[in-house]
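Summary of structural features
So you can see what is in the structure, the chains are spelled out below.
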2 protein chains.
Amino acid sequence: MSSSRSERRQRRRERQREAAQVHMAQPVNDLPVYELLTEEGLERIHNASMEVLAEVGMDFYDEESLAILKKHGARVEGETVTFDPGLVEEYVAKAPSQFTQLARNPDNNLTIGGNYITFAPVYGPPFVIDQERGRREATLEDFENFVKLAYLSPYMHHSGGTIVEPTDCPVSTRHLDMIYSHIKYSDKAFMGSVTSTENAADSVRMAEILFGENEIRENPALISLINISSPRRLDDKMLGALKVYARARQATIITPFILAGAMAPVTIAGTVTQQNAEALAGIVFSQMVEPGTPVVYGSFLTNVDLQTGAPVFGTPESQIAIYTSAQLARRYNLPFRSGGMFASSKISDAQAAYEAVMTMIPTIMARVNFVLHAAGWLENGLTAGYEKFVMDCEILGMLHTFLKGLDLSDEAFAMESIRTVAPGGHHLGTPHTIERFRTAFYRADLFDYRPAEEWMEAGSPDATTRAYQKVKELLKSYEAPEIDPAVDEALTAFMEQRKAELS
Amino acid sequence: MSSSRSERRQRRRERQREAAQVHMAQPVNDLPVYELLTEEGLERIHNASMEVLAEVGMDFYDEESLAILKKHGARVEGETVTFDPGLVEEYVAKAPSQFTQLARNPDNNLTIGGNYITFAPVYGPPFVIDQERGRREATLEDFENFVKLAYLSPYMHHSGGTIVEPTDCPVSTRHLDMIYSHIKYSDKAFMGSVTSTENAADSVRMAEILFGENEIRENPALISLINISSPRRLDDKMLGALKVYARARQATIITPFILAGAMAPVTIAGTVTQQNAEALAGIVFSQMVEPGTPVVYGSFLTNVDLQTGAPVFGTPESQIAIYTSAQLARRYNLPFRSGGMFASSKISDAQAAYEAVMTMIPTIMARVNFVLHAAGWLENGLTAGYEKFVMDCEILGMLHTFLKGLDLSDEAFAMESIRTVAPGGHHLGTPHTIERFRTAFYRADLFDYRPAEEWMEAGSPDATTRAYQKVKELLKSYEAPEIDPAVDEALTAFMEQRKAELS
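In this report, the structure presented in the accompanying data block is examined. (Residues numbered from 1 in each chain as written. Chains lettered and ligands numbered in written order. Predicted model: local features only at pLDDT ≥ 70, side-chain atom pairs only at ≥ 80, totals over all residues. Heavy atoms only, no water.)

A short note on the relation of the copies chain B and chain A
- Aligned on chain A, chain B shows an RMSD of 0.0 Å; the corresponding rotation is 180 degrees and the shift along the axis is 0.0 Å. Look at the turn and shift together and you get a two-fold axis relating the two. By C-alpha distance to the rotation axis, the residue of chain B lying nearest is B:A350, at 2.1 Å.
- The fraction of interface residues of chain B whose copies in chain A are also interface residues reaches 100%, indicating that both copies meet through the same surface. (Least-squares fit on C-alpha atoms with pLDDT ≥ 70 in both. Contact = heavy atoms within 4.5 Å.)

Laid out in structure tokens, this is it:
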């Protein structure tokens, strides 16, 4: 006899509780922060940015936005807007230094800002790659797969946004499918659409259905990526989305998209100066629309290869930029977004891994708050790698452990063990070790620690091969988190209505 | 008609001068250092170590060494030696805070200590691996190949020591072949043998032939790796070598070899406490043998996988240990050795690269002075990877650029370019960019930045495949630096004499 629906639900809840135990709390970076610049150096960049804002300014391609800017004291000439330092200071100060983002499972609510870190998946690739099927256009199935992989990783705190472009969905309604997938297949926080004013409004509406209209005004349910088209442009689509989110008190990440040498000077001091002016212009605007609406200072900055003009990730120049930008965001008391597991490599080979960690450790040491692209990024962001995603998550696990810092409790000194283990003896069997046997060290399940002979007998699988196995296992083991059927129905109904309207 | 010998020599000198231009100066880490621990935390570890030294002590398995220790005020009971804090402080203070190591080419002389960084190749593997021939026992030819690769890298400052074990040479005379290879095939600084008292003496004799007896007493020509067999043992071979080098005023690196959980407690505070006690015991001894002889505080510390007992590299625990150990070395005003491009992976895949950078960036941020294993390490140190060697060197190049920090000159702010490039314009053609076109960004020649289509047409070569090509090209292009024929003859004669005596 088959078990009843309530029994099945009960068992599922138990499994979910068990699974939830492997979910790690969002890490807090209470380690000393790495400050690359002196206070004097930081002030020089700040002052240069203020000069850019006051004398050069930024273009806003939207009439209503220009009116808002003018009304609140910015100088508007045509589409170009300049800001006096006092005005910048006044409006930047209105933004909260940290806020809570709601998740469908309240245990997964996130603090954005302060010393808190949030890891979110790669955003934007039109392609995916795996060992079996190679590089191909991403589909909604791929999108759902990545939502599931992010849900299953204890080290990924956020479900992200456009993890991949579901190219098999119509462009006009794709945003609905993506938001629904985030809600349906995960219970972690997610991002809204920024492709138009209407798509942003749809995102807000779906968040309202899920969380309630009042609830999301108290704490944002969405965080969305507003890119500034450097140099010095905010286009009508981004401004439309920004206005919708700001008025709904949903969080935005204002991010100049910069490849130094192309969209900004070939020197990092100049590039960071320009970036700072651009980010602050966007942030000031958000606070003019809705004072106190949550906003994140964003940096997406690397350099081009000057021989080919191609973007290059994992560079030393981008490391310097992360540290510098983080100090600027702290100076303005704003949550900061930057970094990630960037790679220029097309595949999850050694190049990709070198590049990824070369950016990721500075991301941690600089105390970035919101780390988009924390897993899966390949090929300058054109491809999301299945294997790279789970390998990157393994590194995120290690970083969770690193962030705990050094335990200096009396027990951690293990003086009794040091006294009693004889010269040349070993600590494997001491009471001190046995007590800590299971939890003492982070263990990377995905990495191969077998002796070479054993590994060769197993067919010498490289990291990518093992990672692909892990991807298959994870997707097979996946079970969707339960969702209130009434909410699911309301979301589906809204989606269908909007799809009918938009087709 | 063939050119004369002097003409050929002249041309070779010119080629060498050209090649030398790509050699980078040893980097100086004048960036802010990352201090993980508070001063109070650091003092707790120091004090705990002093307790270990005073009450538990270390074993020295050599009669003469015990007599030296006793004579200078240490307490000796059997083979166990304990030290009062005052005695430790007194003798540690005699060691220089930095020193110069001589290289055959004086342009390659190195400063060891202070803010200077030295990168040296992997040390010790009995195996090598490359894509064509797979994993196999290392030979003298492999040894010479790695000496050549280190010589050819502008980012490798040191020729290292036992880069690989030349297993085709008799154990008793292998040290002679290795030292001769370093001298003959490179003009960078190198390390001495520590496998016995006699082998250390042979190393010193060869350095004297090369540099002169008085010269090497003024500045050491050798730096050699004295490992402490943790927990708490210095064996007769290591003590024999240490005495030879100290008396000849050659530098040693006193390094407890520790896998936390096996040779030391399973907690990092306890492990670092034990390591500090052990390193200081060795350093104090070196200064009792010869006050002022150059010595380096060494740390080689990672943890075991508690499920298998195998060592694991690239772990978060080892990152914490590097930062902590570096702070201790600075507290004692001693040059510090640690870190490297460690990996547990058997091959140069993504795992190896992730692991390598996970240790290497902390190595830089903690301001390590002497970085052994800076390239080539695989399989927990059992294998030297040809491809990994050249890939690691590419990362070292990036780190050289990172260490330059942020240029805050007026020109670097590029305010004129920011003012004149219109919104949506680009900086590729500005006078500011064109002036800096060739030198603005570090370019990793080994990494692939081509568009995916172009890369696929080229056969989709992964990083390891490209690296193997680079290895072949480098070895083909190699030309030995010129050596004074009289010195070469004297070295060869000494080697032959010693080989006859030792066979």
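A word on the sheet that holds strand β19 (residues 383-385) of chain A
Residues and elements named next belong to chain A.
- With respect to topology, four strands assemble into an open sheet ordered β8-β7-β19-β18, the strand pairing being mixed. Two strands lie at the open edges of the sheet, namely β8 (134-137) and β18 (377-378), each paired on one side alone.
- Two strands pair when backbone bridges link them, and β18 and β19 are joined in this way by two bridges, in the antiparallel orientation. Residue pairing in the sheet places W377 in a bridge with A384 of β19. (Pairing = 2+ DSSP bridges. Helix = DSSP H or I, 4+ residues; strand = E, 2+ residues; numbered from the N terminus.)

Considering the sheet that holds strand β3 (residues 80-82) of chain A
Residue and element names in this part refer to chain A.
- Ordered by their spatial adjacency, four strands build an open sheet running β2-β3-β1-β11, and the pairing between neighbours is mixed. Two strands close off the open sheet at either side, each with one partner strand: β2 (75-77) and β11 (233-234).
- By the bridge criterion, two bridges tie strand β1 (residues 58-60) to β11 in an arrangement that is parallel. Bridge pairing in β11 places F60 opposite L234.
- Relative to β1, helix α10 (residues 268-289) is tilted by about 40 degrees, and along the sheet it contacts β1 and β11. (Axes fitted to C-alpha atoms, helices over the stretch in contact; angles between N-to-C directions.)

A closer look at the pattern of salt bridges
- In the structure shown here, the tally under the stated rule is 58 salt bridges over all chains.
- Linking A:D410 and B:R44 is a salt bridge whose minimum nitrogen-to-oxygen distance equals 3.0 Å. Here B:R44 lies in helix α2 (residues 39-55) and A:D410 lies in helix α14 (residues 410-413), a pairing that spans two chains.
- According to the relative accessible area criterion, A:D410 is exposed, its value standing at 60%.
- With a closest N to O distance of 2.9 Å, B:K388 and B:D392 form a salt bridge. (Salt bridge = Lys/Arg side-chain N within 4 Å of Asp/Glu carboxyl O. Buried < 20%, exposed > 50% of the residue type's maximum accessible area, 1.4 Å probe, protein only.)

A word on empty space enclosed by the protein
Residue and element names in this part refer to chain A.
- Applying the stated rule across the entire model yields three cavities of 30 Å³ or more.
- Roughly 70 Å³ of volume is contained in the largest cavity.
- Lining the largest cavity, in full, are S299, F300, L301, T302, F313, S318, A321, I322, S338, G339, F342 and T359.
- The set of elements that each furnish at least two residues to the lining of the largest cavity consists of β14 (300-304) and α11 (316-331).
- Among the residues forming the lining of the largest cavity, the class breakdown is six nonpolar, six polar and no charged. (1 Å grid on protein atoms, 1.4 Å probe; cavity = no way out; pocket = protein on both sides within 12 Å on 5 of 7 lines; lining within 4 Å. Points joined across faces, edges and corners; volume = space filled by probe spheres on them. Nonpolar A, V, L, I, M, F, W, Y, C, P; charged D, E, K, R; others polar.)

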